[in-house]
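Coordinates in review
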Amino acid sequence: MQIVLLTALGVGGATLFGSLLGFLFKHISHKFSDIVLSFAAGVMLAAAVIGLILPSLEYGGEWGILYAVTGIFAGALCLNLFDRLVPHLHKLSGVDQEAHPEGTAKLNKVLLFVTAIAIHNLPEGIAAGVGFGSGNTTEALTVAGGIALQNIPEGMVIIGPMLASGISPRRTMLCAAMTGVVEILGTLLGYFAVSLSAAILPFALAFAGGTMLYVISDEMIPETHAHGSERGATYALLVGFCVMLITDFFLG
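The notes below deal with the structure included here. (Residues numbered from 1 in each chain as written. Predicted model: local features only at pLDDT ≥ 70, side-chain atom pairs only at ≥ 80, totals over all residues. Heavy atoms only, no water.)

**A look at the overall build of the chain**
- For the chain, the helix and strand inventory stands at nine helices and zero strands.
- In the chain, the order of α-helices and β-strands from amino to carboxyl end is α-α-α-α-α-α-α-α-α.
- Counting the 252 residues in the chain, one finds 48% classified as buried.
- Sequence separation of at least 24 residues holds for 86% of the intrachain contacts in the chain that already meet a minimum separation of 6.
- Accessible area of the chain: about 11,700 Å², with a carbon and sulfur share of 71%. (Helix = DSSP H or I, 4+ residues; strand = E, 2+ residues; numbered from the N terminus. Buried < 20%, exposed > 50% of the residue type's maximum accessible area, 1.4 Å probe, protein only. Contact = heavy atoms within 4.5 Å. Areas by Shrake-Rupley, 256 points an atom, 1.4 Å probe, with all protein chains shown as cover.)

Structure (structure tokens):
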């Protein structure tokens with residue numbers, strides 16, 4: 001349980017760390033941001049497949065493929081529903097970056113942007129916690145590490161628009177911290193859910209993998225390919241994927 005709690009704090013703390021970087025470097029180039037986010041996407045892609053989906057097949061036994069396929073689509077559909085309720089990063093991040101502060105309309109857009117990130121952090125946190133239900137701590141930490149890496153640039157992204165909209169630095173930091181707290185709660189929720197019932201483990205692993213695949217395809221890749229850095233972003237994704245592949249090979 002101690003390692004799960006530390007992991008939850010680490011995953012949530014990554015968002016806070018990214019937010020601190022956002023304060024230090026308010027004008028981060030799109031190219032640099034795209035490369036970092038693409039690397040994180042590659043790490044998450046490997047973590048989703050190696051740490052969640054393949055174990056789902058293993059623990060599901062003769063029904064493993066059914067658990068895996070239904071779980072992946074259930075996770076993706078869950079986040080798709082969230083997107084319909086509250087649009088996320090690639091739909092809002094470009095809206096507020098260049099605009100000048102002009103009252104409540106801009107402020108509402110920024111708060112919607114931050115709320116969207118907080119909502120999406122819940123299933124990402126669940127994915128980090130579910131991995132521990134398999135009993136393979138190495139794979140669970142691999143998944144959590146991939147999610148934490150993705151949280152750093154996401155934490156950086158939310159700072160600039162909030163400051164530009166007139167929100168004080170103190171409140172900006174508080175909002176950023178709350179998005180991290182949501183991820184901590186999600187990690188603990190995922191862990192306790194599979195701990196209470198081992199029967200749901202195969203489906204839960206695939207569900208978590210599906211949410212990660214959805215985030216990568218629907219949000220991270222479009223965001224990193226929208227500013228003219230497609231080639232660098234593609235190679236950064238491959239590097240991130242291979243780093244996790246090598247890590248799993250030597251630690252597995």
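On we go from here.
**Thoughts on the environment of Val 11**
- Turning to its location among the elements, Val 11 is positioned in helix 1 (residues 2-24).
- Expressed as a C-alpha distance, the spacing of Val 11 and Gly 146, which sit 135 residues apart in the sequence, is 9.2 Å.
- Apart from the residues lying within four places of it in its own chain, the contact partners of Val 11 are Ala 128, Ala 144, Ile 147, Ala 148, Asn 151, Glu 183 and Thr 187.

**Concerning the packing of helix 2 (residues 30-59) against helix 9 (residues 230-251)**
- Relative orientation of the contacting elements helix 2 and helix 9 amounts to 40°, with a least axis distance of 7 Å. Regarding the angle of helix 2 to helix 9, the classification is oblique. In terms of crossing hand, the pair formed by helix 2 and helix 9 is right-handed. Contact residues: Asp 34, Ile 35, Ser 38, Phe 39, Ala 41, Gly 42, Val 43, Leu 45, Ala 46 and Ile 50 in helix 2; Gly 232, Ala 233, Ala 236, Leu 237, Val 239, Gly 240, Phe 241, Val 243, Met 244, Leu 245 and Asp 248 in helix 9.
- Of the residues contributing to the contact of helix 2 with helix 9, the split by class is 15 nonpolar, four polar and two charged. (Axes fitted to C-alpha atoms, helices over the stretch in contact; angles between N-to-C directions. Parallel < 35°, antiparallel > 145°, perpendicular 65-115°, else oblique. Left-handed = near helix turned anticlockwise from the far one by under 90°. Nonpolar A, V, L, I, M, F, W, Y, C, P; charged D, E, K, R; others polar.)

**Observations regarding the packing of aromatic side chains**
- One pass over the structure, following the stated rule, counts three aromatic pairs.
- With a centroid separation of 6.2 Å and 35° between ring planes, the pair formed by Phe 203 and Phe 207 is classed as tilted. Of the two residues, Phe 203 and Phe 207 are both situated in helix 8 (residues 201-224); the distance of four residues between them amounts to about one turn of the helix.
- Relative accessible area serves as the criterion here: at 22%, Phe 207 is assigned to the partly exposed category. (Phe/Tyr/Trp six-rings, centres within 6.5 Å; stacked < 30°, edge-to-face > 60°.)

Function cannot be inferred from these measures alone, as they are strictly geometric.
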